[in-house]
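# What the coordinates show
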Amino acid sequence: MGEVLRVENLWKSYGRHEVLRGITFSINEGETKVIIGPSGTGKSTLLRCINLLVRPDKGKIFLDGEEITRPGVDEASVRARIGFVFQHFNLFLHLTALENVMLGLTKVRGLPREEAERIAKEALLSVGISEDLWRKYPAQLSGGQKQRVAIARAIAMNPRLILFDEPTSALDPELIGEVLKVMEKLAREGMTMLVVTHEIGFAMKVADEVMFMDEGRIVERGPPEEVILRPKHERTRRFLSRIWELYDLGVQR
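Throughout what follows, the structure given in this document is the object of discussion. (Residues numbered from 1 in each chain as written. Predicted model: local features only at pLDDT ≥ 70, side-chain atom pairs only at ≥ 80, totals over all residues. Heavy atoms only, no water.)

Across its full length, the protein chain holds nine helices and ten strands. Radius of gyration (C-alpha) of the protein chain: 18 Å, near the 18 Å computed for a compact globule of 253 residues. Oriented by its inertia axes, the alpha-carbon framework of the protein chain measures out at about 55 × 45 × 35 Å. Residue pairs at least 24 apart in sequence account for 63% of intrachain contacts in the protein chain once pairs closer than 6 positions are excluded. About 11900 Å² of surface is accessible on the protein chain, with carbon and sulfur atoms providing 47% of the total. Side-chain charges in the protein chain split into 37 positive and 36 negative, and the spacing between the mean points of these groups amounts to 3 Å. (Helix = DSSP H or I, 4+ residues; strand = E, 2+ residues; numbered from the N terminus. Rg over C-alpha atoms; globule rule 2.2 N^0.38 Å. Contact = heavy atoms within 4.5 Å. Areas by Shrake-Rupley, 256 points an atom, 1.4 Å probe, with all protein chains shown as cover. Lys, Arg positive; Asp, Glu negative; His and termini not counted. Charge placed at Lys NZ, Arg CZ, Asp CG, Glu CD.)

Below, the structure is given as structure tokens:
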């Protein structure tokens, strides 16, 4: 499996506040990597740097071996190859579910409307959005349905990888499962994914590697059963202690 993404020594500050402090990791094709950690530790900023929504101060990012942080890079072209599923869906409210998924296919990839519609319908069906919902607007959909439309929008572009920024945190508890099932299905099918989440059960089930971030650094990383059940770093143990209790994992602290 070839390397899809490589992040080298990434730094980002806002004023005097260092949000990212030397982040380095890579993802190979077909891998799912999960980032966990407390709020405000730079996880979302890292994803936004990878998608060039935010420019890092130092460091490099490579997509399929091409440095995408170099001056003059075509940002729109990069974003067309990296799917992004946001916490709050980011759907266009004046477009139907089908039109939301078609938009990138017609505007970015320049596909004819008929072909874009065919691909969009396939993507919607693949995430469990049935035909009776295609013509509905976001306001007429549940939170879980909106997030699945957002995932369909990402996969319709046939990206090299998809970034997920806490995709279930804005959902009611009963709707979380339907979104996680779609993400698990994507992982099984070999989609390359980088997921920021607090859903530890999802990480245990599908992650190839879990990375624990705190204060802008990757503190600990490894297979999920090691990082989540047998963390080596005291900071990781403190963060996970409440989750062990929540999931009744019975981990010795």
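On to the pattern of salt bridges, then. The tally for this structure, following the rule as stated, stands at 20 salt bridges. Its salt-bridge partner being aspartate 214, residue arginine 235 comes within 3.1 Å of it at the nearest N-O pair. Here arginine 235 is found in helix H9 (residues 234–247), whereas its partner aspartate 214 is found in strand E9 (residues 209–214), with 21 residues between them in sequence. Through salt bridges with shared partners, a single ionic network connects Glu3, Arg6 and Glu8. (Salt bridge = Lys/Arg side-chain N within 4 Å of Asp/Glu carboxyl O.)

In a beta sheet, neighbouring strands are held together by backbone hydrogen bonds and run either parallel or antiparallel to one another. Reading across the sheet, the six strands line up as E6-E7-E8-E3-E9-E10 and stay open at both edges, with mixed pairing between neighbours. Of all the strands in the sheet, the pair left with one neighbour each is strand E6 (82–85) and strand E10 (217–222). Recorded for the sheet is a direction-independent mean angle of 20° between the axes of neighbouring strands. Bridge count for strand E7 (residues 161–165) against strand E8 (residues 193–196) is four bridges, and the pairing is parallel. The residue of E8 that forms the bridge with isoleucine 162 is methionine 193. Of the strands in this sheet, strand E3 (32–36), E6, E7, E8 and E9 are in contact with helix H1 (residues 43–50), which crosses E7 at around 150°. Helix-sheet contacts for helix H6 (residues 173–188) involve E3, E7 and E8, and the interaxial angle to E8 is about 150°. (Pairing = 2+ DSSP bridges. Axes fitted to C-alpha atoms, helices over the stretch in contact; angles between N-to-C directions.)

Our focus in this paragraph is the sheet that holds strand E2 (residues 17–28). Pairing is antiparallel across the open sheet formed by four strands, whose spatial order is E2-E1-E4-E5. Because the sheet does not close on itself, it has two edges, and the strands there are E2 and strand E5 (66–67). Looking at chain direction, strand E1 (residues 3–14) and strand E4 (residues 58–63) are connected through five bridges and run antiparallel. Bridged to valine 7 within E4 is isoleucine 61. With respect to the sheet, H1 is in contact with E1, E2 and E4, its orientation differing from that of E2 by roughly 60°.

Another point: the packing of aromatic side chains. Any aromatic ring pair is given by two values, namely how distant the centres are and how the planes are angled relative to each other. This model, assessed by the stated rule, comprises two aromatic pairs. Relative to phenylalanine 86, the ring of phenylalanine 84 lies with its centre 4.2 Å away and its plane at 5°, an arrangement referred to as stacked. Judged by relative accessible area, phenylalanine 84 falls into the buried class, the value being 8%. Residue phenylalanine 86 is classed as buried on the basis of its relative accessible area, which comes to 14%. Here the basic side chain of arginine 6 rests over the ring of phenylalanine 62, its NZ or CZ set 4.3 Å away from the ring centre. Between the NZ or CZ atom of lysine 58 and the centre of the ring of tryptophan 11, over which it lies, the distance is 4.8 Å. (Phe/Tyr/Trp six-rings, centres within 6.5 Å; stacked < 30°, edge-to-face > 60°. Buried < 20%, exposed > 50% of the residue type's maximum accessible area, 1.4 Å probe, protein only. Lys NZ or Arg CZ within 6 Å of the ring centre and 35° of its normal.)

Where E4 lies against E5, two bridges are found, and the strand directions are antiparallel. Residue pairing across strands places leucine 63 opposite glutamate 66, the latter belonging to E5.

For the pair helix H3 (residues 97–107) and helix H5 (residues 143–156), interaxial distance at closest approach is 9 Å and the crossing angle is 25°. Regarding the angle of H3 to H5, the classification is roughly parallel. Viewed along their axes, H3 and H5 form a crossing whose handedness is right-handed. Side by side, H3 and H5 meet where Ala97, Asn100, Val101 and Leu105 of the first sit next to Val149, Ala152, Arg153 and Ala156 of the second. Residues of the contact of H3 with H5, tallied by class, amount to six nonpolar, one polar and one charged. (Parallel < 35°, antiparallel > 145°, perpendicular 65-115°, else oblique. Left-handed = near helix turned anticlockwise from the far one by under 90°. Nonpolar A, V, L, I, M, F, W, Y, C, P; charged D, E, K, R; others polar.)

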